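Each chain is listed here by its residues.
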Amino acid sequence: MFDPKKDINISQLWPTYMYMGTVKDINNEKISEWILNYKKNTETRNKTNQGGWQESISDHQDEPVFKDYIQAILKTLEVTQLKGEVTIHSWVNINEKGNWNFPHNHIGTDLSGVYYVKVPKDSGQIVFFDPRKIESAMGVQPVEGNLFMFPSYLEHMVTPSESNETRISIAFNICTK
């Protein structure tokens, strides 16, 4: 006789993996100093940022100040299922009081992520939306040194900063060959 408790297998279909950790061996003060100097001579680009400053640093990733940041991404990739040669494209987000990023994803890349260089109290959360288009979201309050990596299709946003101090993060996309 059919017994669902014994005869039904349960499988998860399409789980969404989020890789989250705190990197303690990165000199965030030096990175912050480099970024703030770079900002002085570079115009912002407007993508998802509502206010704030955003610009690519992909051409500067080989500079010594970013060595540990890139290594943290590469080490994190070792625990993912992503295989092959990778290309990392990074950009900086600087948010002041009232600045935020509207909901978006990074379709066309394999993984996306963010590293938090400077995170003052009340400077906003990163919010992830359920990819099944269910009215569900999860907000995460980052701290300095957090590294998050997630599927590029995962829609996310950054809530407005309520802090009088600057928040600095480095976002990235990863593509495999």
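Colleague: So what exactly am I meant to see when it comes to the overall build of the chain here?
Modeller: Helix and strand counts for the chain come out as 3 helices and 11 strands. In sequence order, the chain lays out its α and β elements as α-β-α-β-β-α-β-β-β-β-β-β-β-β. A principal-axis box enclosing the C-alpha atoms of the chain has dimensions of 75 × 35 × 30 Å. Within the chain, buried positions represent 44% of all 177 residues. For the chain, long-range pairs separated by at least 24 residues make up 81% of all intrachain contacts whose partners lie at least 6 apart in sequence. As displayed, the chain has an accessible area near 10,600 Å², and 50% of this comes from carbon and sulfur atoms.

Colleague: I would appreciate a short explanation of the packing of aromatic side chains in the present structure.
Modeller: What describes a pair of aromatic rings is the distance from one ring centre to the other and the angle between the planes of the rings. Enumeration over the complete set of coordinates arrives at 8 aromatic pairs. Here Y38 and W53 contribute two aromatic rings whose centre-to-centre distance is 6.1 Å and whose plane-to-plane angle is 80°, an arrangement assigned as edge-to-face. Taken together, the residues Y38 in helix α2 (residues 28-40) and W53 in strand β3 (residues 53-56) connect sequence positions 15 residues apart. Look at Y38 and you get buried, because its relative accessible area is 18%. Between the aromatic rings of Y69 and F172, the centroid separation amounts to 6.3 Å while the plane-to-plane angle is 75°, which identifies the pairing as edge-to-face. Residue Y69 is found in helix α3 (residues 67-77), and its partner F172 is found in strand β11 (residues 167-176); the two are separated by 103 residues along the sequence. The two residues Y69 and F172 agree in class, both being buried.

Colleague: How should the pattern of salt bridges be read in this particular structure?
Modeller: If charged atoms from side chains of opposite charge come close, those side chains can pair. Summed over all chains, the structure comprises 3 salt bridges. E85 serves as the salt-bridge partner of K177, at 3.7 Å between the closest nitrogen and oxygen. Taken together, the residues span a long stretch of sequence, with K177 in the segment after β11 and E85 in the loop between α3 and β4 (86-95) at a distance of 92 residues. The class of E85 is exposed, set by a relative accessible area of 52%.

Colleague: Would you take a moment to explain the environment of P103 for this structure?
Modeller: Mapped onto the fold, P103 is located in strand β5 (residues 100-104). We classify P103 as partly exposed; its relative accessible area is 35%. Sequence spacing of P103 and S56 is 47 residues, and the spatial spacing of their C-alpha atoms is 19 Å. Every residue in contact with P103, bar those within four places of it in the chain, is listed here: F129, E155, H156 and M157.

Colleague: Before we go on, may I ask you to explain the pairing of β3 in this structure?
Modeller: On a regular strand, one side chain projects to one face of the sheet and the next to the other, so that they alternate. Residue alternation in β3 divides its side chains into two sets, W53 and E55 and Q54 and S56, and both sets are buried. Relative to β4, β3 runs antiparallel, the two sharing 4 bridges. Within β4, the position partnered with E55 by the bridge is V92.

Colleague: Which parts of the structure should I look at to understand the sheet that holds β3?
Modeller: The sheet built from 6 strands is open, its strands ordered β1-β9-β6-β11-β4-β3 with antiparallel pairing. The sheet is open, and its two edges are formed by β1 (19-22) and β3, each paired on a single side. Pairwise comparison of adjacent strand axes, ignoring direction, gives a mean angle of 15° for this sheet. Two strands pair when backbone bridges link them, and β4 and β11 are joined in this way by 10 bridges, in the antiparallel orientation. Across the sheet, the residue bridging to N95 is R167, located in β11.

Analysis parameters
Residues numbered from 1 in each chain as written. Predicted model: local features only at pLDDT ≥ 70, side-chain atom pairs only at ≥ 80, totals over all residues. Heavy atoms only, no water. Helix = DSSP H or I, 4+ residues; strand = E, 2+ residues; numbered from the N terminus. Buried < 20%, exposed > 50% of the residue type's maximum accessible area, 1.4 Å probe, protein only. Contact = heavy atoms within 4.5 Å. Areas by Shrake-Rupley, 256 points an atom, 1.4 Å probe, with all protein chains shown as cover. Phe/Tyr/Trp six-rings, centres within 6.5 Å; stacked < 30°, edge-to-face > 60°. Salt bridge = Lys/Arg side-chain N within 4 Å of Asp/Glu carboxyl O. Pairing = 2+ DSSP bridges. Axes fitted to C-alpha atoms, helices over the stretch in contact; angles between N-to-C directions.

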